[in-house]
Structures are given as structure tokens and as C-alpha cells.
Amino acid sequence: MELNIRKAIAKDIDMVAEIYDRILDNEERTGKVYTNWKKGLYPTKNDALAALDAGTLYVGEAEGKVLACVNLNHIQPPEYSKIRWSNDAEGNEVLVIHTLCIPPECAGKGFGRQFVEFSEKLAKEQGCRAVRLDTYEGNAPAASLYTKMGFTFVGSEDFNFQNVIMERLICFDKVIE
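Read on for an overview of the structure. (Residues numbered from 1 in each chain as written. Predicted model: local features only at pLDDT ≥ 70, side-chain atom pairs only at ≥ 80, totals over all residues. Heavy atoms only, no water.)

**Structural notes on the environment of cysteine 171**
Logical step 1: As for its placement among the helices and strands, cysteine 171 is situated in strand S7 (residues 165-175).
Logical step 2: With a relative accessible area of 0%, cysteine 171 lands in the buried category.
Logical step 3: Between the alpha carbons of cysteine 171 and phenylalanine 153 there is a distance of 6.0 Å; along the sequence they are 18 residues apart.
Logical step 4: Filtering out sequence-adjacent residues up to four positions away, cysteine 171 remains in contact with Tyr80, Ile83, Trp85, Leu133, Asp134, Thr152, Phe153, Val154, Gly155 and Phe159. (Helix = DSSP H or I, 4+ residues; strand = E, 2+ residues; numbered from the N terminus. Buried < 20%, exposed > 50% of the residue type's maximum accessible area, 1.4 Å probe, protein only. Contact = heavy atoms within 4.5 Å.)

Next up, the structure:
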């Protein structure tokens with residue numbers, strides 16, 4: 001199924017927050033934890049609103065329904081300075097993929113691939129030299145997707161996420177030419 005990926009609008013926020021909750025509820029229910037996120041802490045409706053206000057929240061929809069979302073911006077967490085990236089791109093030369101969310105019932109439908117392809121295209125349009133991201137070390141499906149799509153594993157680092165969650169994240173990048 002092909003998604004129509006577009007910038008989010010205010011009426012999408014409740015659905016985006018619901019996607020966050022469905023992912024976290026599924027992890028709690030099944031015990032399969034891929035995100036290490038904490039319900040009520042991150043991601044929340046307020047995180048979606050902040051990305052909407054910044055103009056960096058994107059949604060994927062099909063048949064009039066929002067099915068997935070991502071935050072795409074140039075903000076690199078401080079821990080990124082400890083990673084040996086594939087190139088020396090900085091600031092607006094780097095597009096960072098944050099909080100790519102595919103709800104459990106949509107897993108395996110190619111939505112992640114479509115969002116990554118969209119991210120690469122957006123990076124080129126913005127004149128970026130790299131796309132970077134991190135994911136929880138236990139997120140094997142994401143790590144596999146990024147590797148299959150030509151991203152390079154560049155290292156792992158302990159992150160103090162929002163000064164609340166300590167976690168080990170694995171980092172990937174792709175040079176844009």
C-alpha cells in the first residue's frame with residue numbers, strides 16, 4: 001500500500017498521539033520492546049504538537065486515514081558529537097529522522113521504507129549532505145530496515161534521553177550525493 005506522505009496539520013495530532021500509544025500499548029502487552037520509550041513521557045501529544053509547530057511533523061495516510069508519522073529536522077542530540085559519522089556534515093547539512101512510528105498493525109507493509117525514501121528525497125531537496133538517525137539498541141527491525149536501505153551503522157552511544165531515560169542507542173547515517 002502506498003502512503004501519501006505530507007506535512008502534518010492540526011487535525012492530525014490526535015491520530016499521531018494515538019499511534020504513539022498503540023505502539024507503547026503493544027510493547028507492554030506483548031513484552032516485545034523495540035523503542036524503550038515511556039508512556040506519558042515520550043512520545044506524547046505535546047511532542048507531536050511541538051513538531052507540528054516547528055513544521056517538521058510528517059504523516060503518511062492512505063484512504064483518508066493517518067497510518068504512520070515521523071519528525072524530520074536538523075536537530076542532532078548532544079550525544080551525536082561522540083559518533084564517528086561517515087562525513088563531516090553539520091547543522092542544516094544534516095536531516096535527522098526522529099520518532100519514526102509505524103503502529104504494530106501496519107508493520108511489514110513497507111511504510112518504514114516509504115518514510116525513509118521520503119526522508120532521503122527531502123534531504124536532497126534541502127541540500128543536505130547526510131541523513132542521520134538513532135534507534136534503541138533492541139530495535140532489530142529498524143536496524144535491519146536501515147541497513148537494507150543503504151544506511152551505515154556508525155556506532156552506539158549511551159544517551160540520556162530528555163534527561164530522564166538512560167539508554168544505549170545505535171546510530172546510522174547515509175551520505176547524500
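Having seen the structure, we can now continue with the description.
**Details of the nonpolar core**
Logical step 1: Of all hydrophobic cores here, the largest spans 28 residues; its most connected members are Leu3, Tyr58, Leu72, Tyr146, Phe151 and Phe172.
Logical step 2: Those elements giving two or more residues to this core turn out to be strand S2 (57-62), strand S3 (65-73), strand S4 (94-101), helix H3 (111-125), strand S5 (130-136), helix H4 (140-148) and S7.
Logical step 3: Sorting elements by how many residues they give to this core places H3 first, with six residues.
Logical step 4: What leucine 72 contacts, discounting residues up to four positions off in sequence, is Thr56, Tyr58, Leu95, Val96, Ile97, Phe118, Ser119 and Leu122.
Logical step 5: Val16, Ala48, Ala51 and Cys101 belong to the second largest nonpolar core, which has 17 residues in total. (Core = buried A, V, L, I, M, F, W, Y, C linked by side-chain atoms within 4.5 Å.)

**Overview of the pattern of salt bridges**
Logical step 1: Here the structure, examined in full by the defined rule, presents 13 salt bridges.
Logical step 2: The partner of aspartate 88 in a salt bridge is arginine 129, with the nearest N and O atoms 2.9 Å apart. Residue aspartate 88 is found in the loop between S3 and S4, and its partner arginine 129 is found in the loop between H3 and S5; the two are separated by 41 residues along the sequence.
Logical step 3: According to the relative accessible area criterion, aspartate 88 is exposed, its value standing at 57%.
Logical step 4: Overlapping salt bridges, with partners in common, bring together Arg6, Asp12 and Glu61 in one network. (Salt bridge = Lys/Arg side-chain N within 4 Å of Asp/Glu carboxyl O.)

**Examining the packing of aromatic side chains**
Logical step 1: Overall, the coordinates contain seven aromatic pairs when judged by the stated rule.
Logical step 2: Measuring from centroid to centroid gives 4.9 Å for tyrosine 80 and tryptophan 85, while their planes differ by 50°, and the two rings are tilted. Neither tyrosine 80 nor tryptophan 85 differs from the other in exposure class; each is buried.
Logical step 3: An aromatic cluster of at least three residues, connected via ring pairs, comprises Tyr146, Phe151, Phe153 and Phe172. (Phe/Tyr/Trp six-rings, centres within 6.5 Å; stacked < 30°, edge-to-face > 60°.)

**Brief notes about helix H1 (residues 13-30)**
Quick reminder: α-helices carry 3.6 residues per turn. Residues three or four places apart thus point the same way.
Logical step 1: End to end, H1 covers 26 Å across 18 residues, agreeing with the expected 26 Å (1.5 Å per residue, within 8%).
Logical step 2: Every buried residue belonging to H1 is among Ile13, Val16, Ala17, Ile19, Tyr20, Arg22, Ile23, Leu24, Asn26 and Glu27, and all of these are buried.
Logical step 3: Where H1 is buried, its residues touch helix H2 (45-54), S2, S3 and S4.
Logical step 4: One or two residues past the end of H1 sits glycine 31, with phi positive at roughly 80°. (Expected span 1.5 Å × (residues − 1).)

**Re the sheet that holds S5**
Logical step 1: The strand order S1-S2-S3-S4-S5-S7-S6 describes an open sheet built from seven strands, whose pairing is mixed. What marks the edges here is a single partner per strand, and that holds for strand S1 (4-7) and strand S6 (152-161). Neighbour-to-neighbour, the strand axes of the sheet open up by a mean angle of 30°, direction not taken into account.
Logical step 2: Pairing of S5 with S7 involves seven bridges; the strand directions are antiparallel. Residue pairing for S7: valine 131 is matched across the bridge by lysine 174.
Logical step 3: Strand contacts of H1: S2, S3 and S4, with the helix running at about 90° to S3, the strand carrying the most contacts. (Pairing = 2+ DSSP bridges. Axes fitted to C-alpha atoms, helices over the stretch in contact; angles between N-to-C directions.)

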